[in-house]
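# A closer look at the structure
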Amino acid sequence: GQLTAAGVPAVDFAWHSVTNNVTNYTLNVAHFAKLKQNVAPWLWTALNDVAPKNSSGTRCWVSDYCYQPQALLQRHILPALRERVRRGVLQLVTDAVVSAVDVTGSKIHAVTFVQRQARPPSTPPLPCRSLSSSIDDWYSPLPSPYYFKSVLVAEAA
């Protein structure tokens, strides 16, 4: 499934059945995929909070769990991340992309990020760009007309 704010705000649980050709037994995977004991506890709690059933007992026609992405982010994802940052077990880097990883064998020594911050609007305004024309700018450490940039390195302890 997916958790996204990019047009598909629904969890796409398994929907199919499988049949054993030898025994002819059919397993309804869709039934088991949505059982509470088969869903991560935090996800079960979050979805039942942000995707409440409507008056007809359903959530929406796309999925059993449609939700407003901002509600999931603000009420569940960000608080969980902030708690881990507070405890010192997570370093959270936002508005950034991984530009390099220093690896030896299977050990990661460091991760380099390019972090960007939008520049204030200019006069005259810069032209709007499509996502495909913006991505190269995101990964480049060089300042651009659109972003201030900084390079961050997270090293393994």
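First things first, this report covers the structure right here in the doc. Not measured: the values here are computed from a predicted model.

Here is what the cut-offs are and how they apply
Residues numbered from 1 in each chain as written. Predicted model: local features only at pLDDT ≥ 70, side-chain atom pairs only at ≥ 80, totals over all residues. Heavy atoms only, no water. Phe/Tyr/Trp six-rings, centres within 6.5 Å; stacked < 30°, edge-to-face > 60°. Lys NZ or Arg CZ within 6 Å of the ring centre and 35° of its normal. Core = buried A, V, L, I, M, F, W, Y, C linked by side-chain atoms within 4.5 Å. Buried < 20%, exposed > 50% of the residue type's maximum accessible area, 1.4 Å probe, protein only. Helix = DSSP H or I, 4+ residues; strand = E, 2+ residues; numbered from the N terminus. Arc of directions from axis to C-beta. Contact = heavy atoms within 4.5 Å. Polar contact = N/O pair within 3.5 Å; in protein donor to acceptor, adjacent residues only side chain to side chain.

For the rest of this paragraph, the subject is the packing of aromatic side chains. For any pair of aromatic rings, the description rests on two quantities: the centre-to-centre distance and the angle between the ring planes. Inspection of the entire model under this criterion finds 0 aromatic pairs. Above the ring of Y147, the side-chain terminus of R116 is found at 5.7 Å from the ring centroid. One residue, R119, lies across the ring of F148, its end atom 4.1 Å from the ring centre.

Next up on the list: the nonpolar core. One finds F13, V39, L43, A46, L47, V50, A51, Y65, Y67, A71 and L72 forming the largest nonpolar core, which totals 11 residues. Within the residue set of this core, elements represented by two or more residues are α2 (41-50) and α3 (69-87). The element best represented in this core is α2, accounting for 4 residues.

Bringing α2 into the picture now. Within the sequence span of α2, burial applies to L43, A46, L47 and V50. The arc that holds the buried residues of α2, viewed along the axis, is 95 degrees, so those residues lie on one side. Packing partners of the buried residues in α2 comprise α3.

Attention now goes to the side chain of K149. Take K149: it is sitting in strand β5 (residues 147-155). There is a polar contact of 2.7 Å between the side chain of K149 and the backbone oxygen of S140. Within the structure, the side chain of K149 is placed 2.9 Å from the backbone oxygen of L142, a separation counted as a polar contact. Residue contacts for K149: discarding those within four places in its chain leaves V114, Q115, R116, D137, S140, P141, L142, P143 and S144.

Our focus in this paragraph is unusual backbone geometry. Positive phi outside glycine occurs at N24, with the angle close to 65 degrees. With respect to the secondary-structure elements, N24 resides in the loop between β1 (17-19) and β2 (26-28). On the accessibility criterion, N24 (59% relative accessible area) is exposed. Phi is positive for D95, which is not a glycine, with a value near 50 degrees. When you line up the elements, D95 lands in the loop between α3 and β3 (96-104). D95 gets classed as exposed once you look at its relative accessible area, which sits at 52%.

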